[in-house]
Amino acid sequence: MSQVLDIESCDLDIKSNSSSHHTDLYGEECLIVRRGQPFNIVLHLKPGSPEFKLGETSFTLIVETGPLPRKESDTKVSFGLRESTVDTEWSASATNDPSGNTVSVSISSSPNAPIGLYSLTVDQEGQKTSLGQFILLFNAWCPGDAVYMPSDTKRQEYVLSQHGQIYRGTHKRIKGTPWNFGQFDSGILDICLKILDDNPKFISDADKDCSARRNPVYVTRVLSAMINSNDDSGVLVGEWSEFSRGVHPGVWVGSGDILRQWAESGPVRYGQCWVFAAVACTVSRALGIPCRVVTNFGSAHDGDANLIIENLYDADGERISEGDSIWNFHVWVDSWMTRPDLGTGFDGWQTSDPTPQETSEGVFCCGPAPVKAIREGELTKKYDAPFIFAEVNADVVDLVRLSNGQFVKFGGSTKSVGCFISTKAVGSNQRHDITHQYKYPEGSKEERKVYEKAQHHNKLQQRGEEPGLHLKIKLADNMIVGSDFEVYAVLTNNCMEAKTCSFLFFARAVSYNGKQGESCGFASDKVEVPSGEERRLSLRVKYDHYGSVITSDRLILLSAITLDKQNADFHKAEKTVVLDEPEVEIKLVGEASVNQSATAQLTLLNPLPEPLQDCSFTIEGVGLTDGKPITEKIGTVGPKEEAKASIEFSPTTVGSSVLLVNFDSDKLKNIKSFINVVVNE
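Being a predicted model, the structure only gives us computed values, none of them experimental.

Caption draft 1: Examining helix α8 (residues 273-286) more closely. An ideal rise of 1.5 Å per residue puts 20 Å on 14 residues; α8 measures up with 20 Å between its terminal C-alpha atoms. Most of α8 sits out of view: 14 of its 14 residues are buried.

The structure is reproduced here in structure tokens:
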């Protein structure tokens, strides 16, 4: 019979284990390890305890997770000692120190174990001793794990990087916005685990939910639902128009502040698509799932799943439908994992979308759907492939309703949806275009086959240079917010005869999700265009008209329409303008040293012809601002005057980091910039 060891204490050897498991950035408050990889603990024996003898002394280790640990659910596992650990299941081996006072135990977890907080217990012939707790994460370094990613540079980017770029604007003017993911900030991992514990599936069946946390597909789908608060007490409340009861989505510069607020007081007001996606990326990376933030320019919201976006207008050119829509841009996340549930060929990046748009299985969530399935038109592959396919592939049809109620097609496009699909490049702040991963080139043979497979026979005819009237919009060079500028609609007549028509030119505020706001400019003319000639209609867009109606996205939708009601001939051109924003100038005074005060000098020129009220600068940086944003309010800044602030911060971590800056005011919001900071010892 084996003698019972008299254990005085257990050293979880957090520092050494963290280093080998790539979890050292979480800090040393708790043992955090990745699954499918051994970790080591040291048992310290009391004086006079029997010695551990290899081959003679035996004990059983028990690991448990969740409120109802059960063997059948793999949330409770008991395993004895072996000669050496194996990498396919929970296992352990042990060696004794020559002094006889300590026993080193190597424990390897299953690469398919549920993630979460575990307790570790040793059982010696019924005598149980608690050895402590540890958190088990997904492991992109382990070939047996469903999230295994072979490339080390990609693991550095998609699991370990705490800074990112999120792309916004329009496909003609793509702008990167810096973001602090901050997945290793103190307390964030605990909050991420709380998100899993607050999800309705855990509340209704904790045993089944905890067991399912072995599967990154399941976890990603739960996160897609829990990052928004539509069906549950999820992290963020979505809002696209009225922000007085919370924080404007453009003010956030990182995920940490949002997650902490949620943990303290429930759903945080407010988020929009890039905020939902950025927070989902933080939580995914914190749990060990490789994740990237993706922006789709010209993103279709196809409410009726017919893969067509129908824009309906009346005979005077006014929009009359609000069903389907095209967002100037939309942001979601891709997470890396295998898909054994779908057969072969669908491993790799999986799209999920935490922005609440449509319900899936009765819940506001979307995905994960394989990017390969989207590209190949395999719309039966789980989850929500048809909706995501439409976001990048839907056709656009413009229809005008005549006085007799009949609809006439007068425009459309097969190419405006799903272009310049963007993510941050691996290892740099450059934009990486990944459109080819989502779809074949427009007009290619492969694209045709994909449409047939997707049973989409409504593809519009490709149009080359055709006879008839042609309409396009030309923009001014310098369109900075606060200035007045001129835009032109150009009507070219390629017909054999002269054409007479009404020529209308509208300017209207629009938000990034395609929702139209108030008018901010209008011009009209009755024109006769001789064959082979062109006519221009100019529109002066004045700050006095657009300043009070544009959103913080600074977008203006220009629409030119020609109407020949007699011959039922209608033409339309549209262009979305992004107004240029002023630059934030950041200057670091002196060198940044750990635990020493440093100062960031911040300057921004007010380009508006009126004062800015409630002005403030906010800075935040991982290892620079102690995990929290620092805000300095500077009050009112006059027209064409400089907003200035000097903000002190004390770096807590040696090495390179990124300092993010956000400027906020009543009339200018969402102005962001960043600088790289190297902190010396």
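Caption draft 2: Here's a closer look at the packing of aromatic side chains. Going through the model one piece at a time under the given rule, you end up with 21 aromatic pairs. Note on Phe297 and Phe329: the rings are 6.5 Å apart at their centroids and 55 degrees apart in plane angle, and the pair reads as tilted. Taken together, the positions of Phe297 in strand β14 (residues 291-301) and Phe329 in strand β16 (residues 325-337) put the pair 32 residues apart, joining distant regions of the chain. When its relative accessible area of 0% is taken as the criterion, Phe297 is described as buried. Measuring from centroid to centroid gives 5.2 Å for Phe506 and Phe522, while their planes differ by 45 degrees, and the two rings are tilted. Within this pair, whereas Phe506 is found in strand β25 (residues 499-510), its partner Phe522 is found in strand β26 (residues 516-529), the two being separated by 16 residues in sequence. Judged by relative accessible area, Phe506 falls into the buried class, the value being 13%.

Caption draft 3: Structural detail: empty space enclosed by the protein. The final tally for this structure, using the stated rule, is 5 cavities of 30 Å³ or more. Empty space within the largest cavity amounts to approximately 80 Å³. Around the largest cavity, the lining residues are Glu157, Tyr158, His163, Gly164, Gln165, Phe181, Cys281, Arg285, Arg292, Val293, Thr423 and Lys424. Elements that contribute at least two residues to the lining of the largest cavity include exactly α2 (152-160), β10 (163-170), α8, β14 and β21 (419-424). Ranked by residue count, the leading element in the lining of the largest cavity is β10, at 3 residues. Partitioning the lining of the largest cavity into residue classes produces 4 nonpolar, 4 polar and 4 charged. Quantified by volume, the second largest cavity comes out at close to 50 Å³.

Caption draft 4: Representation of the state of the cysteines within the structure. Under the criterion given, the structure shown has 0 disulfides. No disulfide involves Cys192; its sulfur sits 11 Å from the nearest other cysteine sulfur, which is in Cys281. With a relative accessible area of 0%, Cys192 lands in the buried category. A disulfide-free cysteine, Cys365 has its sulfur positioned 7.4 Å from the sulfur of Cys366, the nearest such atom. Judged by relative accessible area, Cys365 falls into the buried class, the value being 7%.

Caption draft 5: Spatial organisation of the environment of Pro582. Residue position: Pro582 is located in the loop between β29 (569-578) and β30 (584-589). The spacing of Pro582 and Ile671 is 89 residues in sequence and 7.6 Å in space, taken between C-alpha atoms. Those residues in contact with Pro582 that lie beyond four places of it in its chain are Val481, Leu604, Leu605, Pro607, Leu668 and Ile671.

Caption draft 6: Looking closely at the sheet that holds strand β32 (residues 598-605). Here 3 strands make up an open sheet; going across it, the order is β30-β32-β35 and the pairing antiparallel. Looking at which strands have only one partner, the edges of the open sheet turn out to be β30 and β35 (642-649). The mean angle between the axes of side-by-side strands here comes to 20 degrees, regardless of whether they run parallel or antiparallel. Across 6 bridges, the pairing between β30 and β32 is antiparallel. The partner of Ile586 across the bridge, within β32, is Leu602.

Caption draft 7: Structural view of the layout of surface pockets. Reported here for the second largest pocket is a volume of approximately 1,200 Å³. Around the second largest pocket, the lining is made up of 49 residues, and of these Leu25, Gln162, Phe184, Asp185 and Val622 lie nearest the centre. Of all the elements in the fold, those that place two or more residues in the lining of the second largest pocket are α2, β10, β11 (173-180), α3 (188-197), β36 (655-664) and β37 (671-680). With 5 residues, the top contributor of residues to the lining of the second largest pocket is β36. Class assignment of the residues belonging to the lining of the second largest pocket gives a composition of 19 nonpolar, 21 polar and 9 charged.

Caption draft 8: The arrangement of the pairing of β29 in detail. Both strand β28 (residues 555-564) and β29 contribute to a ladder of 10 bridges, which runs antiparallel. Across the sheet, the residue bridging to Ser559 is Glu574, located in β29.

Caption draft 9: Examining the sheet that holds strand β7 (residues 102-108) more closely. With antiparallel pairing, the 4 strands of this open sheet are ordered in space as β1-β3-β7-β6. Looking along the sheet, the strands with just one partner apiece sit at the ends: β1 (7-11) and β6 (91-96). Ignoring which end each strand starts from, the neighbouring axes of this sheet average 25 degrees apart.

Caption draft 10: Summary view of the pattern of salt bridges. Across all of its chains, the model carries 30 salt bridges by this definition. Residue Glu157 is joined to Lys424 by a salt bridge in which the shortest nitrogen-to-oxygen separation is 2.9 Å. Separated by 267 residues along the polypeptide, Glu157 in helix α2 and Lys424 in strand β21 bring together distant segments of the chain. On the basis of relative accessible area, Glu157 is assigned to the buried category, the value being 6%. Residue class for Lys424 comes out buried when judged on its relative accessible area of 10%. Between Asp580 and Arg173 there is a salt bridge; the shortest N-O distance is 2.1 Å.

Caption draft 11: Main features of the confidence of the model for the protein chain. Per-chain confidence: the protein chain averages 90 in pLDDT, with 96% of residues scoring 70 or above. Confidence drops under pLDDT 50 across residues 455-466; counting only partners more than four residues distant or on other chains, this segment forms 25 contacts.

Caption draft 12: Molecular detail of the environment of Thr88. The residue Thr88 is located in the loop between β5 (76-80) and β6 in this model. Taking the C-alpha atoms as reference points, Thr88 and Val333, separated by 245 residues in sequence, lie 30 Å from one another. Excluding anything up to four places from it in sequence, Thr88 contacts Ser110 and Pro111.

Analysis parameters
- Residues numbered from 1 in each chain as written.
- Predicted model: local features only at pLDDT ≥ 70, side-chain atom pairs only at ≥ 80, totals over all residues.
- Heavy atoms only, no water.
- Helix = DSSP H or I, 4+ residues; strand = E, 2+ residues; numbered from the N terminus.
- Expected span 1.5 Å × (residues − 1).
- Buried < 20%, exposed > 50% of the residue type's maximum accessible area, 1.4 Å probe, protein only.
- Phe/Tyr/Trp six-rings, centres within 6.5 Å; stacked < 30°, edge-to-face > 60°.
- 1 Å grid on protein atoms, 1.4 Å probe; cavity = no way out; pocket = protein on both sides within 12 Å on 5 of 7 lines; lining within 4 Å.
- Points joined across faces, edges and corners; volume = space filled by probe spheres on them.
- Nonpolar A, V, L, I, M, F, W, Y, C, P; charged D, E, K, R; others polar.
- Disulfide = S-S within 2.5 Å.
- Contact = heavy atoms within 4.5 Å.
- Pairing = 2+ DSSP bridges.
- Axes fitted to C-alpha atoms, helices over the stretch in contact; angles between N-to-C directions.
- Salt bridge = Lys/Arg side-chain N within 4 Å of Asp/Glu carboxyl O.
- pLDDT = per-residue confidence, 0-100.

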